[in-house]
Amino acid sequence: MSTRTSALDAVVFGVDIQSGDVRGDAPSYALVVYDGEDVSRDVVSHRKLRRLIEDEEPAIIATDNMYELAADKDQLIHFLGSLPSGTKLVQVTGAEQPEPLSRVAKRHGIPYGKDPMQEAEAAARLAAHNVGHEVSAFTDTTEVKVSRGRSTGSGGWSEDRFTRRIHGSVRKRAREVESELEDENLEYETDVREAYGGFANAVFTVQARPQDIPVSRNRAGDVRVEIERERRDGIEFRPLVKRRDHVVVGIDPGTTTAVAIVSLEGEVLDVWSSRTSDTADVIEWIVERGRPIIVAADVTPIPETVEKFRRSFDAARWTPTSDLPIDEKQHRTREEPYDDDHQRDAMAAALYAVDDHEDQFERIADKLPPGLDRGEVTARVVAGEESVEAVLRDLDDDEEPEAESTEHEPRELTEEEQRIKDLERQVDRLQSHVGTLEGRIEDRDDRIDELESKLSLARREERTQVRTDREVNRLERKANRLERERDEAREAVKDLEGKVERMKALWKLDHSNFSDVSAKKEGLVPVKVIEKFTKGAIREADEQYGIAAGDVVFVRDASGAGKSTADLLAGFEPRVVLKQGGLSEIADEILFDEEIPVGPADDVAMQEVDELAVAREDDVEAVIDDWHERAEERERNRKASMVDQLISEHRAGDNEV
C-alpha cells in the first residue's frame, strides 16, 4: 500500500471474541463496522460474520489476534481463501510476535478499553490508519481452470456427438479466456489436455491476483471455470505501509551497485544490487525505505560515487581506518542472507558504521525525554553535528517572555493557566510541523505522480514491445516452417526427377517403337513385377503399368496360387513367368497346359526400378529354352504314364472275363 493511501475512506470490520472459543463451542464476536466517520456495533455469530464479510466485502478485517478467527493454521488458510478478492485480514498488533493491543493503541493515540467491543473498535481504527500487518497465505499467482461442466456419460447412440459437443465447448471457452488475458496484457502459461472433439480441460497459470483477472468463476452448461490462488508455503505478514525511519546506509559502487539499509539498532532491513540502475534509481530505492543518517563505505577514502549519495541526503559519512578485509566482512555478515559479494560489502559497511556509533546512539537515547522521536534527534546530532541539548532546546522552542507592563507587575499564572499556555505553544509547534510535513507530502505526491506517469508510459511501451516480439517470433516460426517445407519439396522433386529418368529408360524398353532397338542395342528386356500370386496383386499390377501378351512377368511370391488365379495370369498370355518360392501343383499344371514357360527368378539377372524391372534377354531365353526341354520330358512322361494306365486297364478287363 502506498504511503498516500489510507483506509479511512473504506469499510473496515473490527473483530474480537465476545464469548466462547473458536476451538470449541461456537463463538460470538464483537463486530465494529467503521468507515472513517460512522461506527456501528453488533454481536454476531461466526456464521453471520462470514455472511456479512461475503455480502459487504469490507476492505479490511482487523483483529488483534488472527487465531481468534480460526482454530489452527489450516483453518486460517481456508478462511483467507474464502475472503472476497478485495478484502484483507490485518493483525494490528504486529507480525509473528504481536504486541498487546493496549500498547499499540496508546502509541497511536487510539481510544482503548478492555471490553471486547472496545477492543474491536480499537482494532478497526488502527487498521483504518494503516497500522498493522496484512496476513497472507497466497501468492500473486492465480490458476484459472476451464473444464467440463458435466460428465460425458457412457453408452447411448448419441454419446460420441454429446462428448464432442462438450469438449468443443471447453475449447471455445478456453480460447475466450486466453483472448481476455491477452487483452489485459497479463503474463500467463497454458497447459491444455486435448480430448475427442476439443479440450478436456485447459489450465492458465496467471501472474496476477484474482481481482486483476478479467475472468470470473462460473459454471454454465457444458463448461466450468474455476479460479484458485496459489498458496504460499506458510503464513506471510506484510506491513500496510512501510515506515520511513532514520537508518544507516551502506553502499558498494561499481559496475554493480549494491545498497544495504540498516536500522539504528543494527537490524538489516533490506539489501539490493543492480547492474543497470542509475543514480536516480538508487536514490529512489533508498528514499522508499528510510531517511539516511549515515552513508558508509567499506573502503577509505570514501569513493566519489558514495560521496555524491551522501551529499544528496545531507548525511554523515563513515569509512573504516583502512579497507575492510574480506574475512572480516564475511564474519560480520555471516548471519544475514545476500545474493552476491557486492551486497555483502554494502551490508558490512553499514553494520560496521552502526557498531562504531553504538555508544553515541545510546548516549543520545539516554538524554531524550519520553515521547520524543529518537531518530530525529539522532539525525541532527550525528549528521548536523549539533549537541543533544541544543536540539532539545530548539524542539522545545520556548517563546520569549512577554514584556513587563510599566504600570503594574504581571500576576503569577495559575497551574491551569500555565498548562493551557504550554499546550498552546505545543499546538503552535505541532501546526508548524504539520505545515512542513504537508509541504513535503505535496512535493512527494508530485514526484509520485511524475513517476507514475513515467511508469504508465514505460508499461505501454513494454506492452507494445511484447506484442512486437510475439509477432516477430510467430513470423520467424512460420518462416522456419516454410523453409523446411521448401527443402523437403526440393528433395522430393530431386527424387521424382531421378524416377522420371529411370521410367523413361524403362518406357523405351517397353514401348513398341523402341523395344526392338533397345533390345538389340542393350540386350535388355522389361519385366513386369507382381508382388504375390493372387488375383488382387495381378489386377493391381495390370492397373499400374499394364500386362500384355508377350510380357516377361516376375512373381515375387508364387506360393498359394489356386486354379482361378493361374487362369487369370494365363489369360494375359505372358512370354514367361519368373517366380520366387514354390508354385502349387494346380497352378503349375494350368500354366503348363497353356504352354506358358515358368522358371526360377534366381536364374535371371534383374535390376529393379521402383515397380518395374529389366533383365538380360539371354537369361530370359535360357529360362524359356530350359522350360521347353523340361516340357518335352514332362510330355513324354505323361504319355508313358497314359500308356501304362491303358495297359493296366486292359489287363484288368481280361481277368474279369
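In this report, the structure presented in the accompanying data block is examined. (Residues numbered from 1 in each chain as written. Predicted model: local features only at pLDDT ≥ 70, side-chain atom pairs only at ≥ 80, totals over all residues. Heavy atoms only, no water.)

**Concerning the overall build of the protein**
Counting its secondary structure elements, the protein contains 17 helices and 21 strands. Considering the protein as a whole, with its 657 residues, one finds that 34% of them fall into the buried category. Considering only contacts within the protein whose residues lie at least 6 apart along the sequence, 62% involve residues at least 24 apart. For the protein, the accessible surface area stands at approximately 40,100 Å², while carbon and sulfur atoms represent 45% of it. (Helix = DSSP H or I, 4+ residues; strand = E, 2+ residues; numbered from the N terminus. Buried < 20%, exposed > 50% of the residue type's maximum accessible area, 1.4 Å probe, protein only. Contact = heavy atoms within 4.5 Å. Areas by Shrake-Rupley, 256 points an atom, 1.4 Å probe, with all protein chains shown as cover.)

**Description of the sheet that holds strand 12 (residues 257-263)**
In spatial order, the strands read 13-12-11-14-15; together these 5 strands make up an open sheet with mixed pairing. Each end of this open sheet is capped by a strand with a single partner; those strands are strand 13 (268-274) and strand 15 (316-318). With strand direction ignored, the average angle separating the axes of adjacent strands in the sheet is 25°. Each of strand 11 (246-252), strand 14 (291-296) and strand 15 touches helix 10 (residues 374-382); the most contacted strand, strand 14, lies at about 40° to it. (Pairing = 2+ DSSP bridges. Axes fitted to C-alpha atoms, helices over the stretch in contact; angles between N-to-C directions.)

**Brief notes about the nonpolar core**
Ranked by size, the top nonpolar core spans 27 residues in total, and within it V248, I294, I364 and V382 carry the most contacts. Elements with a contribution of two residues or more to this core: strand 12, strand 14, strand 15, helix 9 (341-367), helix 10 and helix 11 (388-396). With sequence-adjacent residues up to four places away left out, I294 is seen in contact with V247, V248, V249, A315, A316, R317, W318, A353, H357, F361 and V382. With 25 residues, the next largest nonpolar core counts V44, M66, L83 and A95 among its residues. (Core = buried A, V, L, I, M, F, W, Y, C linked by side-chain atoms within 4.5 Å.)

**Description of the pairing of strand 17 (residues 552-557)**
Strand direction decides the pairing type here: strand 16 (residues 524-532) and strand 17, joined by 5 bridges, are parallel. Residue pairing in the sheet places K528 in a bridge with V553 of strand 17. With helix 14 (residues 535-545) bridging strand 16 and the parallel strand 17, this β-α-β connection has right-handed handedness. With respect to chirality, the unit in which strand 17 leads through helix 15 (residues 563-571) into the neighbouring parallel strand 18 (residues 576-579) is right-handed. (Right-handed = clockwise from strand over helix to strand, strands pointing away.)

**Comments concerning the pattern of salt bridges**
Evaluation of the coordinates by the stated rule reveals 39 salt bridges. We note a salt bridge from D222 to R165, for which the minimum N-O separation is 3.1 Å. With D222 in the loop between strand 9 (218-220) and strand 10 (223-239) and R165 in helix 5 (residues 159-183), this pair connects stretches of sequence that are 57 residues apart. With relative accessibility at 10%, the residue D222 sits in the buried group. Here R165 falls in the partly exposed class, since its relative accessible area comes to 43%. Linking R310 and E307 is a salt bridge whose minimum nitrogen-to-oxygen distance equals 2.7 Å. (Salt bridge = Lys/Arg side-chain N within 4 Å of Asp/Glu carboxyl O.)

**Overview of the side chain of T63**
Here T63 lies in strand 4 (residues 60-63). Since its relative accessible area comes to 0%, T63 is described here as buried. With near-sequence residues (within four places) excluded, T63 lies in contact with V15, E68, L69, L89, V90, Q91, V92 and A123.

**Regarding helix 10**
Judged by how many residues are buried, helix 10 sits mostly within the fold: 7 of 9 residues are covered. Listed as buried for helix 10 are G375, V377, T378, A379, R380, V381 and V382.

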